[in-house]
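# Structure assessment
One-letter residues, chain by chain:
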Amino acid sequence: MNYWLIFPILIPCLTAVLIILGMYRDHLVARTFSMIGVVLNFIVSVSLLQMALHGDILTYNLGDWLPPFGITFVLDRLSALMLVLTSVLAFFILLYSLGGLDRQGRHFHSLIQFQIMGLNGAFLTGDLFNLFVFFEVLLIASYALMVHGGGATRIKAGVQYVAVNLVGSALFLIAAALIYGVAGTLNMADLAVKVAALPASEQALLHTGALLLLVVFAIKAALVPFQFWLPGTYGNTAAPVAALFAILTKVGAYSIIRVYTLIFGESTAWIAAPWLLPAGLVTLVVGTLGILAAKNLGQLISFAVIGSMGTLMIPISLFTTHALAAALYYLLHSTVAAAALFLLVDLIRQRRKDHSDNLTAGASFAQRGLIASLFFLGAIAMTGMPPLSGFIGKLMILNSSREENTFLIWGIILSMSLLSIIGFAKGGSTLFWKTTPANEKAQPVSTSVIPFISVTGLLLFSLMLVLFAEPILVYATHTAQQLLSPTEYIQSVFSLNKEAP
Amino acid sequence: MELLMSATIGILTASGVYLLLRARTFPVILGFALITYAVNFFIFAMGRLAVNQPPIIRADVNQYVDPLPQALVLTAIVISFGMTAVIVVMALRSYIETDTDHVDLK
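Here's what I pulled together on the structure shown here.

## Thoughts on helix α8 (residues 203–221) of chain A
All names here are of chain A. With 19 residues, α8 ought to run about 27 Å at 1.5 Å a step, and its terminal C-alpha atoms sit 26 Å apart, in line with that. Residues of α8 that are buried: Leu206, Gly209, Ala210, Leu213, Leu214, Val216, Phe217, Ala218, Ile219, Lys220 and Ala221. Positive backbone phi, at 60°, marks alanine 222, one or two positions downstream of α8.

What follows is the structure in structure tokens.
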């Protein structure tokens, strides 16, 4: 038992409740408390990373109910990594939102805290049904954040987003029920044991449940053919919210990594692998074509996110140590790069009143040079050019896929990288270079430096990923090894039980 | 009983999917309600169907029905109830702002 494990859930939960109870009228107090919550969450996440660094797997049983009967939280290297990523992203996006976004609606700060709570819970839980519950927590917060700021198109897109995710939730319940019906448990570690020991007569139902679960995670991760909801959602919501949503697709990727290494891994002959590889490749192609066809910058980045999910899914589908390590590195990179680009979309939208972020030639705008340089860096990271982290991520993915289907994987990743460079270059040159002299009567924009600190911070994180590539890669490799030998995880979960199940 | 149960789940799901595909907000919400019912029945059935068996341990009974799916159904009902409220509010707002109840963006 390690009580620290509950803090990443408790801190945002209590902060959110406090803000709802009495502070939302006073912006300054709400901002202060929200920031304190996020910083505390960051400190706890980093100390949890310290605890997981040497390979210990820590558990916390809610109410001291022993697994498989109670609700178990488990911290391993992967969970710790995701917690830190969430807290870093949340910090920069909250910082950015202080520029004025948080005043567009009353409950922004509590919603963002609930979102963090759902994310942290999903990364920590060791129970399939509890994963569903935390998915719902983060989704409910995201429904409200998605329509934050209002507007007809945004609300309409919001209805679609809710509808798609309600279908996803229904499928999740059906899949969880099927798995429970066959295995008789929903605790992940217990499932891993029970699934391996199931008789052949039960395999058909089990596989149905496992693949239905893959559909649910694929909806979350926006894999083809379930990618259609993402551009409408990310393109129509407030751009900083879309930046926060960059981590939502990674929840899908995290769940795929967790469930299909621990429960449906070796014992079911890597059941997800034959579906994930083609899905990843097609997703990458669809995302990249979307980048070329996008009509505005928000859409362009949304399709880039879809493309990066495709790239991420290719190494995951290989289920080898090197490939999983490459996937984890790429996951860190693609989240921060997408977030930085979405924040830039917001800066551009504020400055181009009549053109918004449409990819059409318009008047020059304030701080055009600075924003263009930041966009240039973000695009370099996102498309995978040296010297930023996308390059190393893609290089590692290519390196890890040298054994099977090499020509297919290399061909698609490399050609799609080229196409996405063309797409980003086209979009950037239209926005920043084909400008007419600035309109004298242009509306004044806020000259606050906070938004730029936030964007630069995210880009610096990308640079850090390059500078500290070796320690991060070592950590990722250890994480992958830990994931591929689930015995350790199972033993840790049941370490308090007197007899093994 | 098995036939009745599976037919109920099947018909509810089919009607729900049909309503969802109408792509107008009110049918979509009703469709969700039906699908939710179907899912709840399905979870319930996954604890195996039994008649006259208690879900709690008592000294005088030795035949039990699995209590866990019933607890799961309870959670699922609460969550789907909240979700229905959310989508009703958003659908209303969308209707007020756009004067149409079509779900598609164009």
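## Some thoughts on the environment of A:Leu78
Residue and element names in this part refer to chain A. Relative to the helices and strands, leucine 78 resides in helix α3 (residues 77–97). Once the C-alpha coordinates of leucine 78 and alanine 218 are considered, the two residues, 140 residues apart in sequence, prove to be 19 Å apart. Each residue touching leucine 78, except ones within four places of it in the same chain, is listed here: Tyr254, Ile257, Arg258, Leu328, Thr479 and Leu483.

## Some remarks on the interface of chain B and chain A
The interface of chain B with chain A comprises 30 residues on the first partner and 29 residues on the second. Together chain B and chain A conceal approximately 2700 Å² of surface at their shared face, both sides included; 82% is due to carbon and sulfur atoms. By the criterion of area lost to chain A, the three top residues of chain B are B:Met83, B:Met90 and B:Leu105, representing 24% of everything that side buries. On inspection of chain B and its partner chain A, the count reaches 0 salt bridges. At the surface where chain B touches chain A, the tally comes to 6 residue pairs in polar contact (both at pLDDT 80 or more). Counting residues per element, the ones that place at least two in the side of chain B that touches chain A are α2 (25–45) and α3 (68–98) of chain B. Per-element tally for the side of chain B that touches chain A: the top contributor is α3(B), with 15 residues. Here the residues of the side of chain B that touches chain A sort into 19 nonpolar, 6 polar and 5 charged.

## Digging into unusual backbone geometry
Residue and element names in this part refer to chain A. Going from proline 67 to proline 68, the amide bond is cis rather than trans, its omega being 5°. Turning to its location among the elements, proline 68 is positioned in the loop between β1 (58–61) and β2 (72–75). Unlike most non-glycine residues, aspartate 64 shows phi in positive territory, near 60°. By secondary structure assignment, the location of aspartate 64 is in the loop between β1 and β2.

## Observations concerning the packing of aromatic side chains
Residue and element names in this part refer to chain A. According to the stated counting rule, one finds 22 aromatic pairs over all chains in the structure shown. A centroid spacing of 5.6 Å and a plane angle of 80° characterise the contact between phenylalanine 135 and phenylalanine 172, whose relative ring orientation is edge-to-face. Residue phenylalanine 135 is found in helix α5 (residues 128–146), and its partner phenylalanine 172 is found in helix α6 (residues 152–183); the two are separated by 37 residues along the sequence. Judged by relative accessible area, phenylalanine 135 falls into the buried class, the value being 2%.

## Observations concerning the nonpolar core
In a soluble, globular protein the nonpolar side chains are often hidden away together inside. All names here are of chain A. The biggest cluster of nonpolar side chains holds 215 residues, and the ones touching the most others in it are Leu128, Phe172, Tyr260, Phe264 and Phe424. Take this core: its biggest share by element is 21 residues, from helix α13 (residues 321–351). The contact partners of leucine 128, leaving out residues within four places of it in the chain, are Phe172, Ile179, Leu186, Met188, Leu191, Leu213 and Val259.

Calculation criteria
Residues numbered from 1 in each chain as written. Chains lettered and ligands numbered in written order. Predicted model: local features only at pLDDT ≥ 70, side-chain atom pairs only at ≥ 80, totals over all residues. Heavy atoms only, no water. Helix = DSSP H or I, 4+ residues; strand = E, 2+ residues; numbered from the N terminus. Expected span 1.5 Å × (residues − 1). Buried < 20%, exposed > 50% of the residue type's maximum accessible area, 1.4 Å probe, protein only. Contact = heavy atoms within 4.5 Å. Buried area = accessible area lost by both parts, 1.4 Å probe. Salt bridge = Lys/Arg side-chain N within 4 Å of Asp/Glu carboxyl O. Polar contact = N/O pair within 3.5 Å; in protein donor to acceptor, adjacent residues only side chain to side chain. Nonpolar A, V, L, I, M, F, W, Y, C, P; charged D, E, K, R; others polar. Phe/Tyr/Trp six-rings, centres within 6.5 Å; stacked < 30°, edge-to-face > 60°. Core = buried A, V, L, I, M, F, W, Y, C linked by side-chain atoms within 4.5 Å.

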